[in-house]
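Geometric and topological summary
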Amino acid sequence: MKSIRFPRSPKVILGLCIVGFFVLLTIFGPYLAPYSPDNTSFAPNLTPSAHHWFGTTSLGQDIFSQTLVGARATIVVALIAGLVATLLSMVVGIAAGYVGGFTDDGLSMLSNVFLAIPGLPLLIVIDSYLPVNSRSNSLVIGLVISLTGWAWGARVIRAQTMSLRNRDFVEAARIIGEKRYRVMFFEVAPNLLPILASSLLFTVLYSIGAYVTLAYIGLTSTSVWNWGTMLFWAQGNNAPLSGEWYWFVPPGICIALVGTGLALLNFGIDEFINPRLRAAGLSAKQRRSLGLPRRQRLGLTPVVHSASQRPSTPAIASNTVST
Amino acid sequence: MRIIGRRLLLYVLTAWVAISVNFLLPHLMPGNPIQTLIGKLQGQVTPQEIEAIRLSFGGGIDKGLLSQYFTYIDQLFHGNLGVSITLSSPVSTILKASVPWTIGLIGVSTLLSFLIGTVSGALLGWTRGSRLDALIPTATFFQAIPYFFLATVMLLIFGSNLHWFPVLGAYSQNLHPGWTWPFVASAFRYAELPVVSIVLSSVAGWMLGMRNMMITVAAEDFVLMSVAMGLSKRKVIMTAARNAVLPSIANLSLAIGLVVSGALLVELVFNYPGVGDLLLNAVQNEDYPLIQGIFLVITLAVLAANLLADVVYLALDPRTRTETVA
């Protein structure tokens, strides 16, 4: 591919900025924190000030430091869970869609079962039986979360694989005698890239929610700071009712911001896959400059190609645009 | 009907998997949680209750795993979910008291959120490109907020600062539960804030999904045709919306699980006496029989709701029915 055809809409740029900011926070957060998150030597229940940007807890800990330090565990666990879940859904989805037959029946049944079981209660049951020392282990928690989050992706990937299975290039690869796993993972998988990316964003988003929720109800080790444990302590000390908003608002806003960033990026991928959504997302000014009517109510929503977005070869376009 | 049969089969299979996971977890986890549990209970509860707990885990460890498994399933079908350790009464009795609250709360808020989200999503999709599109990033933000966090903020602002809504609990403590008018009115009053917060958290998903489908459907010829025929604007939108709503309904069965998961935590924030609140207490006290009982009941309820959504979908989409004839 010569040029990257990622839609440059303000939504996607905003999403990239937000996600980028939190990635930096994950890496550098613990070094930037002014105090140790466990340090209880400050006066309790201070409102936000120059010394304590987000105030202090009722145990006298600095909330700003907790927020900075907490970013790492939250995002690392979500990333582990998201990556593992996406990998699982890729393997299951492609195998089911490409191999077909009994393999497909079995794997589809498996993913449908996992879709039907409500995820959070299952997570809680598994997690409550984990030994206490593995509850502080990011890898274990991430794996458990990924177990409940892969099924949706597998379903989407299976559907797309089935539509690719009989394309000419796959047929050609089969005829020249490529091995089955090679066709699956080197011919089919690269063409699923937009869907895989969207599935990754979606599962990371889900995993943040799941991890924070587990921490919030006290099922992860309280010795590891993450945004959920902050909310756990805030709730446990009745912060919402006693008006200490600065205790639970910072972690909550951070979670919501990361989530929004990921969702906005996902919009970009959606618009990449379905060009009609691209035109629908344009602002009035952009529509005018592209010569589109100010309001589009009826008929086909036009497919927008700006100069930089025009597909370089028809072959690539026909592979990626079909849904 | 074949499709309903297949879905039913899937749900029965899912229920079986959930039951088996529930059985296997305590047996496979390191450290033998069941023995630890029973050891801890000696002297705290009556020997009969210990026996009930032992049975609800499938009997003694001296028997084989398979025979324990069958004992476990047999006990389930007889309604023995074990005895709660902290509340020392049968899990099934405890659940009977809290399940109606949860079903009421989650049922009403899911329906409301689906209706509001679908209608507003249809309008957003129809008026695409207008100023209303500014709602989309806002909706995305609300979607990304964990349910319980939004609930906490609402509790702080509207409950404890502005005193617009009563907080904590499901009814006024001065009233005796029963089918009397003051009690029902009070129950509605206490449910308002939790319902609003669940709807706010979950509405965006429906809205965005419906908007995207509406944009796709508006491109179809039959929509152009209905305008050309001179139908009123309202009728044209209805025609398009009726076709665009199908994927939303197909997704309903998937979304129920997510909404239930989120809503359980909202109960916790508001101290609503439903299953979610119970679950938190069970987790904090390591009350394994109660945790497992709640998991099973939630799973079965979600499966039943899924089946209902499937039936609605079949009734609405004629294409799925012709498939069964062929």
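Given the structure is predicted, the values throughout are model-derived calculations rather than measurements. (Residues numbered from 1 in each chain as written. Chains lettered and ligands numbered in written order. Predicted model: local features only at pLDDT ≥ 70, side-chain atom pairs only at ≥ 80, totals over all residues. Heavy atoms only, no water.)

Observations regarding the overall build of chain A
The secondary structure content of chain A amounts to 16 helices and zero strands. Counting only contacts in chain A whose residues sit at least 6 apart along the sequence, the fraction spanning at least 24 positions is 69%. (Helix = DSSP H or I, 4+ residues; strand = E, 2+ residues; numbered from the N terminus. Contact = heavy atoms within 4.5 Å.)

As for the overall build of chain B
Counting its regular elements, chain B contains 13 helices and zero strands. Taking all 326 residues of chain B together, the buried fraction comes to 53%. Taking the contacts inside chain B whose residues are at least 6 apart along the sequence as the reference set, 73% of them involve residues at least 24 apart. With an accessible surface of roughly 15400 Å², chain B has 69% of that area assigned to carbon and sulfur atoms. (Buried < 20%, exposed > 50% of the residue type's maximum accessible area, 1.4 Å probe, protein only. Areas by Shrake-Rupley, 256 points an atom, 1.4 Å probe, with all protein chains shown as cover.)

Observations regarding the interface of chain B and chain A
With 68 residues of chain B at the interface, the matching set in chain A holds 55 residues. For the chain B and chain A pair, buried surface summed over both sides reaches about 5300 Å², with 76% attributable to carbon and sulfur atoms. Viewed at the interface, chain A and chain B are joined by zero salt bridges. Here chain B is connected to chain A by zero residue pairs in polar contact (both at pLDDT 80 or more). Listing elements by their share of the side of chain B that touches chain A, those giving two or more residues are helix 1 (2-28), helix 6 (135-144), helix 7 (147-161), helix 8 (181-218), helix 9 (221-228), helix 10 (233-269), helix 11 (275-284) and helix 12 (288-316) of chain B. Ranked by residue count, the leading element in the side of chain B that touches chain A is helix 1 of chain B, at 11 residues. Split into classes, the residues belonging to the side of chain B that touches chain A amount to 47 nonpolar, 17 polar and four charged. (Buried area = accessible area lost by both parts, 1.4 Å probe. Salt bridge = Lys/Arg side-chain N within 4 Å of Asp/Glu carboxyl O. Polar contact = N/O pair within 3.5 Å; in protein donor to acceptor, adjacent residues only side chain to side chain. Nonpolar A, V, L, I, M, F, W, Y, C, P; charged D, E, K, R; others polar.)

Some details on the domain arrangement of chain B
All names here are of chain B. According to the domain assignment, chain B consists of domain 1 (2-77) and domain 2 (99-316). With 17 residues of domain 1 in contact, the opposing surface of domain 2 contributes 15 residues. Approximately 1400 Å² of surface area, both sides summed, lies buried where domain 1 meets domain 2, with 74% of it carried by carbon and sulfur atoms. On the domain 1 side of the interface with domain 2, the three residues burying the most area are Ile4, Tyr11 and Asn22, jointly 40% of the side's total. The tally of links from domain 1 across to domain 2 stands at one residue pair in polar contact (both at pLDDT 80 or more). The greatest single-element share of the side of domain 1 that touches domain 2, amounting to 11 residues, is contributed by helix 1. Classifying every residue of the side of domain 1 that touches domain 2 by side-chain character gives 13 nonpolar, two polar and two charged. (Domains from an automatic or database assignment.)

Overview of the packing of aromatic side chains
All names here are of chain A. Counting across every chain of the model gives seven aromatic pairs over all chains. For the ring pair Phe114 and Trp150, a centre distance of 5.4 Å and an interplane angle of 50° mean the geometry is tilted. Of the two residues, Phe114 sits in helix 3 (residues 101-116) while Trp150 sits in the loop between helix 6 (138-149) and helix 7 (151-165), which places them 36 residues apart along the sequence. Relative accessible area serves as the criterion here: at 23%, Phe114 is assigned to the partly exposed category. (Phe/Tyr/Trp six-rings, centres within 6.5 Å; stacked < 30°, edge-to-face > 60°.)

As for the environment of Phe70(B)
All names here are of chain B. Mapped onto the elements, Phe70 comes out in helix 4 (residues 65-77). A residue is classified by how much of its surface remains accessible, and Phe70, at 52% relative accessible area, is exposed. Linking Phe70 and Ser201, residues 131 residues apart in sequence, is a C-alpha distance of 42 Å.

Some remarks on the side chain of Ser226(B)
Residue position: Ser226(B) is located in helix 9. Those residues in contact with Ser226(B), other than ones at most four positions away along the chain, are Leu231(B) and Val236(B).

With respect to the nonpolar core
Side chains of nonpolar character tend, in soluble globular proteins, to be buried together. In terms of nonpolar packing, the biggest core is built from 151 residues, with Ile124(A), Ile145(A), Trp227(A) and Met214(B) touching the most fellow members. Of all the elements, helix 10 of chain B adds the most residues to this core, at 18 residues. Looking at which domains feed residues into this core, each of domain 1 (2-77) and domain 2 (99-316) of chain B supplies at least three. (Core = buried A, V, L, I, M, F, W, Y, C linked by side-chain atoms within 4.5 Å.)

Points about helix 11 (residues 227-236) of chain A
Residues three or four positions apart in an α-helix share a direction because the helix packs 3.6 residues into each turn. Residue and element names in this part refer to chain A. Burial analysis of helix 11 places seven of its 10 residues in the buried class, which makes it a mostly covered element. Buried within helix 11 are the following residues: Trp227, Gly228, Thr229, Met230, Leu231, Phe232 and Ala234. N-cap assignment for helix 11: the residue whose side-chain oxygen lies 2.7 Å from the backbone N of Gly228 is Asn226. One or two steps after helix 11, the chain reaches Asn238, where phi turns positive at roughly 60°.

Remarks on a nonpolar patch on the surface
Residues and elements named next belong to chain A. On the surface, a cluster of nonpolar side chains totalling about 630 Å² of accessible area is made up of Val23, Leu24, Ile27, Phe28, Tyr31 and Leu32. Looking at where Phe28 falls in the secondary structure, it is placed in helix 1 (residues 10-32). According to the relative accessible area criterion, Phe28 is partly exposed, its value standing at 42%. (Patch = residues over 30% accessible without salt bridge, like charges linked within 9 Å, V, L, I, M, F, W, Y side chains within 5 Å.)

Brief notes about the environment of Leu265(A)
Relative to the helices and strands, Leu265(A) is located in helix 13 (residues 245-273). Leu265(A) sits 124 residues away from Ile141(A) along the chain, and the two C-alpha atoms are 26 Å apart.

Topic: the pattern of salt bridges
Oppositely charged side chains can form a pair if their charged atoms are brought close together. Residues and elements named next belong to chain A. In this structure the tally under the stated criterion is three salt bridges over all chains. Notably, a salt bridge pairs Arg182 with Glu178, separated by 3.6 Å at the nearest N-O pair. The class of Glu178 is partly exposed, set by a relative accessible area of 22%.

Concerning the packing of helix 4 (residues 119-129) of chain A against helix 6 of chain A
Residues and elements named next belong to chain A. Look at helix 4 against helix 6: their axes get within 9 Å of each other, and the N-to-C directions meet at 145°. Along this stretch, helix 4 crosses helix 6, giving a crossing that reads as right-handed. Taken together, the residues of helix 6 that come into contact with helix 4 (itself represented by Gly119, Leu122, Leu123, Ile126 and Asp127) are Ile141, Val144, Ile145, Leu147 and Thr148. Tallied by class, the residues present in the contact of helix 4 with helix 6 amount to seven nonpolar, two polar and one charged. (Axes fitted to C-alpha atoms, helices over the stretch in contact; angles between N-to-C directions. Left-handed = near helix turned anticlockwise from the far one by under 90°.)

Topic: the confidence of the model for chain A
Residue and element names in this part refer to chain A. Averaged over all residues, the pLDDT of chain A equals 76, while 81% of them reach at least 70. Within chain A, the element-level pLDDT minimum falls on helix 16 (residues 314-321), averaging 36, and the maximum on helix 2 (residues 63-99), averaging 87. For residues 306-323, every residue scores under 50 in pLDDT, and the model assigns this stretch 27 contacts once sequence neighbours within four places are set aside. (pLDDT = per-residue confidence, 0-100.)

Examining the side chain of Ser128(A)
Residue placement: Ser128(A) occurs in helix 4. Judged by relative accessible area, which is 3%, Ser128(A) ranks as buried. Beyond its immediate sequence surroundings of up to four residues, Ser128(A) is in contact with Arg135(A), Leu219(A), Tyr288(B) and Ile291(B).

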